[in-house]
Amino acid sequence: VVIRLAGKASAWQVELACPQCGAPVVLAETDRILSCGYCKVRLGISYSDHFRYFLEPDGVDANSKEIIYVPYWRFKGIAYSCRGNTVEHRFVDSSLLAVKAAFAPNSLGFRPQALKLRLASHATPGKFLKPALPLKKLISRVIEYTNNPDGSEDPLPVYHHAFVGETTSLIYSPFYIENGSAYDAVLNKLPALAPSSHFDDSLAFDECPAWQIKFNPMMCPHCGWDLMGEADAQVLLCRNCSSGWESSNDGLKRINTTAIQSKEPDALYLPFWRIRAQIVGLQLNTYADLARLCNLPRAIKKEWNERDLYFWLPAFKTPPQLILRLTRLISVYQPSDGELSENLPNASLFPATLPKSQAALGLKAAIASMGVPKRTIFPRLPEISIKVNEYILVYIPFDTSGGELINHTMQIGISKATLQFGRLI
Ligand SMILES: [Zn+2]
Ligand SMILES: [Zn+2]
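So, how was this worked out
- Residues numbered from 1 in each chain as written.
- Chains lettered and ligands numbered in written order.
- Predicted model: local features only at pLDDT ≥ 70, side-chain atom pairs only at ≥ 80, totals over all residues.
- Heavy atoms only, no water.
- Helix = DSSP H or I, 4+ residues; strand = E, 2+ residues; numbered from the N terminus.
- Buried < 20%, exposed > 50% of the residue type's maximum accessible area, 1.4 Å probe, protein only.
- Contact = heavy atoms within 4.5 Å.
- Areas by Shrake-Rupley, 256 points an atom, 1.4 Å probe, with all protein chains shown as cover.
- Lys, Arg positive; Asp, Glu negative; His and termini not counted.
- Charge placed at Lys NZ, Arg CZ, Asp CG, Glu CD.
- 1 Å grid on protein atoms, 1.4 Å probe; cavity = no way out; pocket = protein on both sides within 12 Å on 5 of 7 lines; lining within 4 Å.
- Points joined across faces, edges and corners; volume = space filled by probe spheres on them.
- Nonpolar A, V, L, I, M, F, W, Y, C, P; charged D, E, K, R; others polar.
- Pairing = 2+ DSSP bridges.
- Axes fitted to C-alpha atoms, helices over the stretch in contact; angles between N-to-C directions.

(A) Expanded view of the overall build of the chain. Along the chain, the regular secondary structure elements total eight helices and 23 strands. Judged by the C-alpha coordinates and their principal axes, the chain covers about 75 × 60 × 40 Å. Within the chain, buried positions represent 52% of all 425 residues. Taking the intrachain contacts of the chain between residues at least 6 apart in sequence as the baseline, contacts between residues at least 24 apart amount to 71%. When the accessible surface of the chain is split by element, carbon and sulfur atoms take 51% of a total near 19,400 Å². Separation of charge centres in the chain, based on 44 positive and 39 negative side chains, amounts to 4 Å.

(B) Local environment of unusual backbone geometry. Backbone torsion omega between Val-372 and Pro-373 reads -15 degrees, so that peptide bond is classified as cis. Structurally, Pro-373 is set in the loop between α6 (363-370) and α7 (374-377). Positive phi, close to 70 degrees, is recorded for Lys-40, a residue that is not glycine. The backbone of Ser-242 shows a phi angle near 55 degrees, a positive value even though the residue is not glycine. Secondary-structure assignment places Ser-242 in the loop between β13 (236-238) and β14 (243-248).

(C) Region of interest: the side chain of Arg-83. Take Arg-83: it is sitting in strand β6 (residues 67-83). For Arg-83, a relative accessible area of 10% gives the class buried.

(D) Here's a closer look at empty space enclosed by the protein. Per the stated rule, a full pass over the model turns up six cavities of 30 Å³ or more. Computed from the structure, the largest cavity encloses a volume of approximately 70 Å³. Contributing to the lining of the largest cavity are ten residues, with Ile-78, Glu-166, Lys-317, Thr-318 and Leu-354 lying nearest its centre. A per-class count over the lining of the largest cavity returns six nonpolar, two polar and two charged.

(E) Representation of the sheet that holds strand β15 (residues 251-255). Read from one edge of the open sheet, three strands run β13-β14-β15, paired in antiparallel fashion. The open sheet has two free edges, formed respectively by β13 and β15, since each of these has just one partner strand. The sheet shows a mean angle of 40 degrees between the axes of neighbouring strands, direction not considered. One ladder, built from five bridges, connects β14 with β15; its direction is antiparallel. Bridging from a neighbouring strand, Glu-246 pairs with Lys-253 of β15.

Structure representation (structure tokens):
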């Protein structure tokens, strides 16, 4: 059984039609599996790049008025900044205007929580403005602003920023033009919070966007069994042939999935991405390098110089303090290849809800947080680049003991409440 620890109270909702029977289906924005209540089909959803949603015009005659959709970046996740000599982290949940358009409010505010989002495709009628402000730039601004709300000079040097998104999407809000002014097509009036109502004709539109939504059947491409996975799972599992799969626009792609076996029948298995990376600008290729970076209180063994180094990052959403702690503890423990089994255990497997590419975006902050002393490591961060060469998913067993999950071999304890909290964010 795959367990679900908590619901998702805060997620925005997306409404779409079941691709098989046409019945309406409502998903949370983080859901990647559609389950139709009418025809019972289950499908994995993927999108060509970012998920793109739109809000529907309301009370506007679409035949007489052309709808113009204005893009907003929607981002929710953890922002890291290596500032002064600490790794700071904060949870951000925002939507910011992705074009320079004075007629549009700077943020969507709470609007999408009151309205349902719909998936945008090349078939959605209307014209779509092209996003002109990169997400990275907006996130840097958000971080700078939270560090220094009054806009004064930051007294502490900032060496590295990163954003690990559990949601990164574009949301398009509808407008229409009348007498040169842009009207909000949801409220059917001039937007209240915009600096100007004038529509700027020089704005660029996305010509023939090739946005594709793809629905993949939840059937193991290897053996034909039904794949397991909760609505927000990023990796689908086959319990028959012990394989893992990721939904993509080219169908299901295999993820190398393994487990460390436990003799404890009630163990709960948590998923981790084991990442092999090439790091330029810092000597960090072998286990001996990691021991030196962390200044481990043990003598460095000669064979450690030959031992490949892997980084172990949680593959589930969880608060940043726990991500950094688990990454350090498991990377320092460094499970060996011999401990990994290709068979998935017949036990509770916690869903992998954080995609590998997002997990890897936090790697530099995790290395910075492991490294000592900070005053020599931090100034080098801007020069360090990381290229990931290999990802595998590894399930690690934890025994349940009261409110704690414990891995005795690695001496790691996690409170169940923290894990539940991660499911809700
Ligand atoms: Zn259906
Ligand atoms: Zn299979």
